[in-house]
Structures are given as C-alpha cells and as structure tokens.
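Observations on the model geometry
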Amino acid sequence: MSPQLVCADCATPADSSRWMWRCDSCGGPLEFAEEPELTEIVSLGEPETPILELDFAGIRVSAKLEGALPTGSFKDRGSRFVVTALRQAGVDRAVIDSSGNAGASLAAYCARAGIRCDVYAPSGASRAKLAQMECFGAEIKEISGSREDVATAAQAAAKSSAYAAHGWSPWFLLGTASFASELRRQLGRAPDAVVMPVGAGTLLLGIARGFQKLKSSEARRPRLYGVQSAACSPLVDAFRAGEDDVHPVTVRPTAAEGIKIARPPRGRQILAAVRGSGGELVTVTDEELWAALHELSANGIFVEPTSAVAFAALKQLPLDSLQSVVVPVTATGLKAVDTIVGAMGR
Ligand SMILES: [Zn+2]
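Residues numbered from 1 in each chain as written. Predicted model: local features only at pLDDT ≥ 70, side-chain atom pairs only at ≥ 80, totals over all residues. Heavy atoms only, no water.

With that settled, the discussion passes to the pairing of strand 6 (residues 116-122). Judged by how many residues are buried, strand 6 sits mostly within the fold: six of seven residues are covered. In this sheet, strand 6 lies alongside strand 5 (residues 93-97) in parallel orientation, the contact comprising five bridges. Across the sheet, residue Ile96 finds its bridge partner in strand 6, namely Val119. Between the parallel pair strand 5 and strand 6, the chain is carried across by helix 2 (residues 101-113), and the sense of this crossover is right-handed. The pairing of strand 6 with strand 7 (residues 139-143) spans five bridges and is parallel. (Buried < 20%, exposed > 50% of the residue type's maximum accessible area, 1.4 Å probe, protein only. Helix = DSSP H or I, 4+ residues; strand = E, 2+ residues; numbered from the N terminus. Pairing = 2+ DSSP bridges. Right-handed = clockwise from strand over helix to strand, strands pointing away.)

Attention now moves to the nonpolar core. Counting residues in hydrophobic clusters, the biggest one holds 77 residues, and the most contacted among them are Val83, Leu86, Leu106, Tyr163, Ile207 and Leu281. Sorting elements by how many residues they give to this core places helix 2 first, with eight residues. Beyond its immediate chain neighbours, meaning those up to four positions away, Leu106 contacts Ser79, Val82, Val83, Ile96, Cys117 and Ala164. Core analysis: the second largest hydrophobic core is formed by 35 residues, Val61, Ala310, Ala312 and Ala313 among them. (Core = buried A, V, L, I, M, F, W, Y, C linked by side-chain atoms within 4.5 Å. Contact = heavy atoms within 4.5 Å.)

Protein-derived coordination of the zinc ion comes from Cys7 (SG), Cys10 (SG), Cys23 (SG) and Cys26 (SG), at a distance range of 2.2 to 2.4 Å. Around the zinc ion, the four donor atoms sit at angles spanning 101 to 116°, and that spread fits a shape best called tetrahedral. Read N to C, the donor residues that coordinate the zinc ion are spaced as C-x2-C-x12-C-x2-C. Note that Cys10 is positioned in the loop between strand 1 (5-7) and strand 2 (30-32) and Cys23 in the loop between strand 1 and strand 2, a separation of 13 residues in sequence. (Donors = N, O, S within 2.8 Å, 3.2 Å for Na, K, Ca; no water. Tetrahedral: all angles 85-135°; square planar, octahedral: opposite > 155°, others 65-115°.)

Oppositely charged side chains are able to pair whenever their charged atoms sit close together. Applying the stated criterion across every chain, the model contains 19 salt bridges. When the shortest N-O distance is used, the salt bridge between Glu31 and Arg266 registers 2.9 Å. In this pair, Glu31 is assigned in strand 2 and Arg266 in the loop between helix 8 (234-240) and helix 9 (267-277), connecting sequence segments 235 residues apart. Each member of the pair, Glu31 as well as Arg266, is classed as buried. With a closest N to O distance of 2.9 Å, Glu48 and Arg185 form a salt bridge. Taken together, the positions of Glu48 in the loop between strand 2 and strand 3 (51-56) and Arg185 in helix 6 (residues 178-187) put the pair 137 residues apart, joining distant regions of the chain. Residue Glu48 is classed as partly exposed on the basis of its relative accessible area, which comes to 42%. Given a relative accessible area of 56%, Arg185 falls into the exposed group. Via salt bridges that share partners, Lys64, Glu66, Arg77 and Glu182 belong to a single interconnected network. (Salt bridge = Lys/Arg side-chain N within 4 Å of Asp/Glu carboxyl O.)

Below you can see the structure in the form of structure tokens.
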C-alpha cells in the first residue's frame, strides 16, 4: 500500500490509490503524513561522496564532491527513492521536466528499474546531459520557451504517465536527506554551515530535514545558505522582502542553468528552512560564477557553472568565525562542457 501523503499547504490528504504529485484541492506540494520505510531501494552503486578540504576566498571549506555519484550529480540521491516509489506503485512510465541533471538521473534509475521515462527539457539544454538521457533510453522532448513552459508541457503529459519532477516529489527529499547523515558520519559532527546553489531547493530541503532528524543526537544544526543567480532569484527576493512565499520573476540568461527556476514549488518551505537555520539567501553574478569556476579548476576541481555559484558567494557570507563550512559540489563540470568551452572562447 502507498504511504499516506498530505498537502504541505492545506493539509488535505492525497488519494493514495493513484500516483499523486500535488494537492487536488489547492495545488500545493505533498508531504508524508508519516515517513515511510522503503525496502528494496533501486541502486546504481552509489558511493559515499568524498570530502576535499581547501582554502577558497580565504575561507577553509570542505567541498563534498557529489559529482562522484553514478550520473555525476547530487540528483541521484533523490532519483533512487523516486524510482523506488514508482516501482512500488507499479508505474511503467514516468515523466519529468528538467534542465538536465534531474532528467539524466531519473532516466538512469528508470533504466535500472525497467520503467519508461520521458524527459521534457528546455531547447538548448546541455548536450552532455541530453546524451546521458538518450543513452539511458529516455524519450526527450525539447520545448522552446521558459523553464515554466517546459514544466507545463510535462505536467500535461502526466495525464497518461506518472509525473516525477524532483521539485515536487516528497520521495526525492527522502533521498537528499541522506546528504546530512552521510556528512555527519564523515565529519564526526554536524558542520557549522552548508553553502549551496538553490533553484528548486531540493538539496537544501533534504539537508534541513536530514539534520532535523539527527537532532536528537546532535544539539546543533548548521546554518543553511542558499545561493541563486542574480539572473533568477525569486527566493532571494522573497527572503529580503521578509515574505513567506515566492513570486515568479522574470528570468535573464545565465550559465547557472540548473537553478534557473522562476517559481520553485516548495518556495515557502525553503524560505522557512533557511530562516529557521539562521542562514541567508544571496545572489551572485555570472562574472563571479566564472571567476569561482576558474579558481576551483586551479585547485583541480572541475565543476559545472551551476555548482560554482556556491563558491562565488563565500566571500559575501558571515563565515569567518565558523570552524566547519561545507559546500556541496552539486555536479561535475563534464555535465556542461559545451557551456564551459563556449565561455573559454574556443
Ligand atoms: Zn492543498
């Protein structure tokens, strides 16, 4: 039997007899009434991701290299749980919208589980990510228009298949929560702060929940800092205005394609999690992003532009007095070779 889901906004219980991705009453995101125990989790042999200590912008940081996961991004943490749930629900066809990493990841785990996968991607998405999806057997539909137009097209297709977008799925957050317990094990304690890129906020929310769960054994929880591109910053705008929810914004071009999300479905929860942790939401420009990407490269760390935003923000955050600052390197640079090569003028 499927676990009971309820609406995070209006608390209406979801119909557990079918695959639901949002509240039928108000359109809000769903949560578990009680956290489910999953068995027989779909796996592609995920390792514990390594931690590398480095000095960056005068700050000692622990970079956690999520590019070491099977498809090269942190999305694998969530996808394995989403696909486990799809398989348990008897779903034979899933659909997702994605700028690339989430689609590549879901396609891989669907391939492993024998589930057909359709990915709606914005036209001009990274060729490396599209190549992954295609190799994993996903059917790719490139949609022109905004990122929201892509989501709308995927949701329309979800009438005949199960919509499994990471920004909506409570299962995905069960998976990203593993970042917190893994980090706690590796460091021997909770860090003082975690600084990360934030678009749909699924890593940030997973980390917040993971540390919440560990709280009984750990008095301290880290401050959570989310970094957005100045070209698309609905969360930062709402944070600075003291608002509880996001308003959609006009999006300008940015190399940080993975966080170009004008209206994150769980915006309300992200704002509450950051405020509750004593952290902050800030923006960086593409110029700052590229400077950070090159400085990381000079340290032997190859990241995609979206991942570089967290490092680009370090010097504007109040981290000086902290002993332990963790930055998830959300994906490898191999994911965005075309963008990186383009920026190098080659
Ligand atoms: Zn609702």
